[in-house]
Amino acid sequence: MIENVRTVRAGAPADAAGQAEEAYLRVTGLTRDYGEGGVRNATFSLRRGQLLTLLGPSGCGKTTTLRCIAGIEAPDAGTVRLGDRLMTSTERRVHLRPEKRDIGMVFQSYALWPHMSVFENVAFPMRMRGAKTAAIRPRVEEMLQLVGLDGMSGRQPSQLSGGQQQRVALARALVYRPGLLLLDEPLSNLDAARRDSVRRDIGRLQREMGITAVYVTHDQDEAMMLSDRIVVMRDGAIVQDGTPGELLAEPASLFVAKLLGQTNIIEGVFATESTESDVDGRTRRVAGIDVAMPDGVTRLFARVVGDAKVGEAVSLVWRPGDLVVHEAGRAATPGNALAGTVADVRVGSSLTDYTVDVGVARIRVFALGKQPVPAGTRVTVSCAVDSAICLSQ
Amino acid sequence: MLAPERLSLTVFVLAVVALIAAPIAQVILRSFQEQTGLLKWVWSNANYAALMAPDVLVSARNSLVIALGSMAVATVIGVLLGWLVARTDIPFRRTFEVLNLVPFFLSPLIGSIAWTYLGDPHAGLLNQLARSLGLTTGTFFNVHSSFGIIVVLGLFLTPFVMLQCGAAFRQMDASLEQAAQACGASWFRTALRITLPLAGPAILSAAILVFVLGIEDLSVPLVLGYGAGIQTLSTRIYDAVQIFPPNYNFGAAMGCVLMLITVICLYLQRRALRDRGFVTVSGRGARTETMRLGRWRWLALAGELAFLGLAAVLPIGVLAIVAFSQGWTGSIDLGNLTFDNVKALFGQGSIVGRALANSLLLSTVCACLVVAISVVAVYALERARITGRRLFEVCLTIPVAVPGLVLGVGLLTLVLRTPLFGSLWIIGIAYTIRFLPFAQRSVSAAFLAVHTELEEAARLSGAGWFRYTWRVLIPLVRPGLAAGWMLVFLTFMRELPMSALLQTSGTQTLSVGLLNSVSFEPPGVTAAFTMLQTVVLLVCSAGFWILTMRRGNTENRMAVAI
């Protein structure tokens, strides 16, 4: 199931040539073959000071890719280059040991050494680099302060909470200002509240220190909020590479669209095509999609992403946050809408989560409304044409 | 829990504890008795006073030197090899994982006999070789010395350290080491600053265990040192009981000293393991990648091969040569091969057939017995939770701290004037008592893996105690029980000290027959006998290996049990 690799570059002419010139981390043709979790021919690059996320379901090869960059695993083929240093090249038989790569790494399991204090953990990389004891202490204390752990340097790792342990791990990885920071699902062992605050700290430190970072996760929210660039992987191959905005606006496939968060997928047939221009003067294709409803065919409109053609079966993607629920008969029926019945309402602290049964599908809607429409009400669910996406199946 | 059930379980455990306590109490009592006539005795501390005799003190010093030396050898080699196969990319590591256990299965007895053919100052193959190569005109390596005993004992105790430390290395979260490497530490510094300190408690505990095994070992000092006049506490105990007229009371006093040393060591071992808390079982993020050694791989390979050479290949090789040679003079003469030695083994007047039958019978029956007792005891203590379980638990582990020789002296003096004396039964009882804690550890590990909720669910479904045990519990713990069974079976097949003390003509086991053969048979026949024992042990071990391999990690199973 190899999908087309599409590099979407919307907006400014951030072209291939320009990016390659400035690229700081360059991974070319990386292949590591061992069935599930392996990676095939991965190529991507990253500019200095940016954070790139490898995003995908478990077993897609993202962690393997990261470990090959770290030098913990040796790829079967490919090149890894950091700045002007060649880290790995199977062609030239180069494979630098991890300790020679000038990298920092944060592990899912924190990997703090239980026989060393917090201070010793953070000081370790500096000691390995032969730093003088006098130089180590202020640097370690400063780093601990940066991650919000000042005064904790005498503690043992086992005396810290999970979030604090991961902060120590972060401090340890950053203390010597490595050329590249690697993070392997650093938040997945933390509970929701800590996850949020550690994530903010990772983002803040990465930007403040101007560190180049590669981040591995299967959580789309983390990826969206932290990344300058996201590389989506599936079954060992890269399926899309772009900014979070690009991925949201122009997912290369249904897989990517689904991966980036809750989606409603409605099956239909590409019936008509028109071309429109937006405010910036760019043109876009708009599809009229015929959806078979219990009481006849309804035509819905959506932006065409990719190369879907008239006559094909297509998927219409509606994101829950883009949808609006109207009580039937209350106001004028909006366009681009489906009629249905509210099947379930869950009122959260900031959003109301509706499930609307429209006959052919159950549509999730996240609405801001303070006075929710009760279950059983006849409603219509509508989506702006701009937000709706039409993708080949 | 119904009352009759608890009552019968309590009675059963009490009976087992009594069985354990009787010979130990007997040894202690005997050590304070002085024989004044055939059946008359008085309380006295004469035995302990006799311990101060210069020759006894020399033996005690020998024991200490040999135990410490072999501990050093076994710990250094064992930690290195354990780390190499568990943690690094040494070539053929899976193969070595298996092969490194061969010395464990061979036993120190076989090892020391084989090494007499390698390291004898005159006829030893290595010395002959060294002389013919012009390396030396005298002796290159004399195995009949304290140093020789230390080396041989150390080599054959190495697998114990390797198993325990290997388990610790394997359980360690690999990302702890990878983090160090990412921080700029080379593999050497990672091993030194991260891996070793983390495995520290496990290494210390393994070292203490090996010290205990070394100080109570009878076979190596007896085979290698006895002729050269090197006596240890264990050979002295053996002498006190075996040489006519026997002085059981003095043997008991020395046994008590040995037991005291063992108890202290095992207490220290427990303490070392108490701080083991931070050898963490890997989280879900961790994988078991190995550390790349680079150029050092080949040095590691050379070291690994050297160990296997000294502890398996050379010994087995020389045994084969001697067994098929017509008279061993220290040189290999391929034109002079013969089957005479093998024929002699099964010929007229040979006890080999009988010994083999005895060993197989004893080992099979006792392995079943000891596992069965363990199952009931573990059930009583951990599931039925009978009153006083804490105390019983301690009582049931006591035999761990009682050297086989000491238990042998106790049992021997208990049954001297009963029909049990001179029967296979008494050897069987000795095996059962001595190795009950080891079987119990395997069984209890197997039981701990089965959640109590499974029993509660079965009870709620209407199954009684018996039906639950038979239909739910036994099938679930069977693989663990089978591994435990095989392990004690293998131990029984090799057991020497108790079998040697409790034997009479007709109740010799393979090991005892072998030991006698060293003194009374020509080298060729002894070598053939040793080869036979080697083959028997390796076949049984292969059986154990195949049985446990399907169920997962053999090393971990063994590490739990020893």
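These numbers come from a predicted model, not from an experiment.

A. How the structure looks around the overall build of chain A. A count of helices and strands for chain A gives 9 helices and 22 strands. Each of the three principal axes of chain A carries a C-alpha extent, and together these read 75 × 50 × 40 Å. Evaluated residue by residue, chain A yields a buried proportion of 52% over its 393 residues. Long-range contacts, defined here as pairs at least 24 residues apart, represent 65% of the contacts in chain A between residues at least 6 apart. Approximately 17000 Å² of chain A is accessible, and the part contributed by carbon and sulfur atoms is 48%.

B. Region of interest: the overall build of chain B. On a plain count of helices and strands, chain B comes out with 24 helices and 2 strands. The C-alpha radius of gyration computed for chain B amounts to 25 Å, which stays within 12% of the reference 24 Å derived for 562 residues, consistent with globular compactness. For the C-alpha atoms alone, the extent of chain B along its principal axes is close to 75 × 75 × 45 Å. Partitioning the contacts of chain B with sequence separation of at least 6, the portion at a separation of at least 24 is 77%. Counting every atom, chain B has about 23500 Å² of accessible surface; 68% of that belongs to carbon and sulfur. Computed over 38 positive and 24 negative side-chain charges, the separation of the two mean positions in chain B equals 6 Å.

C. Summary view of the environment of Val370 of chain B. Residue and element names in this part refer to chain B. Position of Val370 relative to the elements: it lies in helix 15 (residues 352-383). For Val370, a relative accessible area of 0% gives the class buried. Residues Val370 and Ala439, 69 residues apart in the sequence, show an inter-C-alpha distance of 6.7 Å. Sequence-distant contacts of Val370, defined by excluding residues within four places in its chain, comprise Thr432, Phe435, Leu436, Ala439, Val488 and Phe492.

D. Broad picture of the pattern of salt bridges. Residue and element names in this part refer to chain A. The tally for this structure, following the rule as stated, stands at 29 salt bridges over all chains. The salt bridge involving Glu73 is made with Arg32; its shortest N-O contact spans 3.0 Å. Taken together, the positions of Glu73 in the loop between helix 2 (62-70) and strand 5 (77-82) and Arg32 in strand 2 (residues 23-32) put the pair 41 residues apart, joining distant regions of the chain. A relative accessible area of 19% places Arg32 in the buried class. Salt bridges sharing partners connect three or more residues here, namely Arg167, Asp201, Arg204 and Glu208.

E. Just the interface of chain A and chain B, in detail. Each partner contributes to the interface: chain A provides 32 residues, whereas chain B provides 26 residues. Each partner contributes to the roughly 2500 Å² buried at the junction of chain A and chain B, and carbon and sulfur atoms together form 55% of this total. Linking chain A with chain B are 0 salt bridges, by the criterion used here. For the pair chain A and chain B, the interface holds 8 residue pairs in polar contact (both at pLDDT 80 or more). Mapped by element, the contributors of at least two residues to the side of chain A that touches chain B are helix 2, strand 8 (103-106) and helix 3 (118-128) of chain A. Among the elements that take part in the side of chain A that touches chain B, helix 3 of chain A stands out by supplying 4 residues, more than any other.

F. Region of the structure containing the sheet that holds strand 6 (residues 85-89) of chain A. All names here are of chain A. On the basis of which strands lie adjacent, the open sheet formed by 5 strands has the order 3-2-5-6-7 and antiparallel pairing. Where the open sheet ends on each side, the last strands, each with one partner, are strand 3 (39-47) and strand 7 (94-95). Both strand 5 and strand 6 contribute to a ladder of 4 bridges, which runs antiparallel. From the neighbouring strand, Leu82 faces strand 6, where its bridge partner is Arg85. Helix 2 contacts strand 2, strand 3, strand 5 and strand 6 of the sheet and is inclined by roughly 120 degrees relative to strand 2.

G. Looking closely at empty space enclosed by the protein. Enumeration over the complete set of coordinates arrives at 4 cavities of 30 Å³ or more. In this structure, the largest cavity encloses a volume near 120 Å³. Taken together, the residues of the lining of the largest cavity sort by class into 4 nonpolar, 4 polar and 4 charged.

Calculation criteria
Residues numbered from 1 in each chain as written. Chains lettered and ligands numbered in written order. Predicted model: local features only at pLDDT ≥ 70, side-chain atom pairs only at ≥ 80, totals over all residues. Heavy atoms only, no water. Helix = DSSP H or I, 4+ residues; strand = E, 2+ residues; numbered from the N terminus. Buried < 20%, exposed > 50% of the residue type's maximum accessible area, 1.4 Å probe, protein only. Contact = heavy atoms within 4.5 Å. Areas by Shrake-Rupley, 256 points an atom, 1.4 Å probe, with all protein chains shown as cover. Rg over C-alpha atoms; globule rule 2.2 N^0.38 Å. Lys, Arg positive; Asp, Glu negative; His and termini not counted. Charge placed at Lys NZ, Arg CZ, Asp CG, Glu CD. Salt bridge = Lys/Arg side-chain N within 4 Å of Asp/Glu carboxyl O. Buried area = accessible area lost by both parts, 1.4 Å probe. Polar contact = N/O pair within 3.5 Å; in protein donor to acceptor, adjacent residues only side chain to side chain. Pairing = 2+ DSSP bridges. Axes fitted to C-alpha atoms, helices over the stretch in contact; angles between N-to-C directions. 1 Å grid on protein atoms, 1.4 Å probe; cavity = no way out; pocket = protein on both sides within 12 Å on 5 of 7 lines; lining within 4 Å. Points joined across faces, edges and corners; volume = space filled by probe spheres on them. Nonpolar A, V, L, I, M, F, W, Y, C, P; charged D, E, K, R; others polar.

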